[in-house]
Structures are given as C-alpha cells and as structure tokens.
Amino acid sequence: MTDNASKISYLTDIKAASVAIRRCIADADGPLPPHFLVEFLLSQWRRYLAMVHHHRGEASAEWSQAVDATRRLLFSVLPITSIEQRAKVGKSLPQLVADLKKGAQVGQIEPVTRDLFLRQLSEYHIVKLDSKRPLDNAHPNDLSDTISMDTRDPRYRALLDKLDGADGVEHIEM
C-alpha cells in the first residue's frame, strides 16, 4: 500500500477520533480545557484514538476505554466547586495517568512529548487540588476568560474547525 493510500485509509479513523474529542469536550459542559491540553488532544491523543478506531473498531472495548479516558481527562480539569469533588478528582488521577500512559504507548507518542504533557497536567492538577486554594465558583462572575459551548462563539468555532478541518489532519502522522 502506498503512503497516500495509508493516509486515506486512516481518514475515517481520524474523523471518528475528532468526533469523539468534540463530544467529550461538549459533555464536559464547562470552559474549554487549558491550551496545553487542547493541543495534546488535537495532535497526540487524536492519533491514539484514530489508531484504536482503525485497529479495533468503534464497537470494541478498547475504543470505549479510549473515549472514556478522554472524557475523564477533560472532567479532571473542570472547575472544582466542592470539597467532595476535589477528593473525587484526586482519587481518580492515578488511574487516569495510567490510562494516559497506556494510550501514549499505543499511540506511539514520543516519551519526551508524553512526559512534557504529563508534567503540565500534573502541575495543573496540583494547583486545582490544593486544599488551601479556594474552591472554584460554579458560575464565575467574570466570563471574559471562559468560552461558552455555543457554536456561534468564534473561539469555539475555531476549535471545532481545527477538529473537523483538513488542518487537523496534518497534526497526525500515522
């Protein structure tokens, strides 16, 4: 099979991975994740999802687990509005990190890239889970730093275009 034929054969899988990420972001129903996480999702993690979709299929347990890990990753960075939620997120992190490492291995993510992402994620979680830090407001007064999940919002539209558009495919080398 030629290199172009190989890329074409993955196009359906890349689109399925993009849809899964898009759905998980919408399901999180909160502000968009931090920039470093969005970049990781659109490049490295999407390649992992595309590979699982390609090799195992959408009906497989592996696909369900990959999408679930994506969902849990996104939920882990949502605002923390209660002590119980803080504890729940803290308890979920070891399994999430294990799943991210497994995904990085399957998705052939470079160890340096994986470690940089995990370090950024760890630093983000440490700040969010600090018991001395005040809880987040469920409905922030200053919305200038948030992006509503309204597809008419140009910032959200740009993310969706990146997920769906051809420029998203060039982020992934199969």
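Residues numbered from 1 in each chain as written. Predicted model: local features only at pLDDT ≥ 70, side-chain atom pairs only at ≥ 80, totals over all residues. Heavy atoms only, no water.

A. Representation of the packing of helix α2 (residues 35-56) against helix α3 (residues 61-76). One way to put it is that α2 packs onto α3 with a least axis distance of 9 Å and a crossing angle of 165 degrees. For the element pair α2 / α3, the angle class is roughly antiparallel. For α2 against α3, the interelement crossing comes out left-handed. Here Leu37, Leu41, Trp45, Tyr48, Leu49, Val52, His53 and Arg56 of α2 lie close against α3, whose contacting residues are Glu62, Trp63, Ala66, Val67, Ala69, Thr70, Leu73 and Leu74. (Axes fitted to C-alpha atoms, helices over the stretch in contact; angles between N-to-C directions. Helix = DSSP H or I, 4+ residues; strand = E, 2+ residues; numbered from the N terminus. Parallel < 35°, antiparallel > 145°, perpendicular 65-115°, else oblique. Left-handed = near helix turned anticlockwise from the far one by under 90°. Contact = heavy atoms within 4.5 Å.)

B. Inspection of the side chain of Thr70 at higher detail. You can see Thr70 is positioned in helix α3. Note on Thr70: relative accessible area 1%, which makes it buried. The contact partners of Thr70, leaving out residues within four places of it in the chain, are Ile21, Cys24, Leu41, Trp45 and Leu49. (Buried < 20%, exposed > 50% of the residue type's maximum accessible area, 1.4 Å probe, protein only.)

C. Structural context of the packing of aromatic side chains. Scanning the model with the defined rule gives 5 aromatic pairs in all. Here Trp45 and Tyr48 contribute two aromatic rings whose centre-to-centre distance is 4.5 Å and whose plane-to-plane angle is 55 degrees, an arrangement assigned as tilted. Linking Trp45 with Tyr48, this pair stays in helix α2, spanning 3 residues, or about one helical turn. We note that Trp45, like Tyr48, is buried. Put simply, the rings of Phe36, Phe40, Trp45, Tyr48, Phe117 and Tyr124 touch in pairs and so form one group of aromatic residues. (Phe/Tyr/Trp six-rings, centres within 6.5 Å; stacked < 30°, edge-to-face > 60°.)

D. Up close: the nonpolar core. Counting 35 residues, the largest nonpolar core has Leu37, Trp45, Leu49, Leu73, Leu100 and Phe117 as its most contacted members. Broken down by secondary-structure element, the contributors of at least two residues to this core are α1 (3-28), α2, α3, α4 (83-106) and α5 (111-129). In terms of residues, this core owes the most to one element, α2, which gives 9 residues. With sequence-adjacent residues up to four places away left out, Leu73 is seen in contact with Leu37, Leu41, Leu96, Leu100, Phe117 and Leu121. (Core = buried A, V, L, I, M, F, W, Y, C linked by side-chain atoms within 4.5 Å.)

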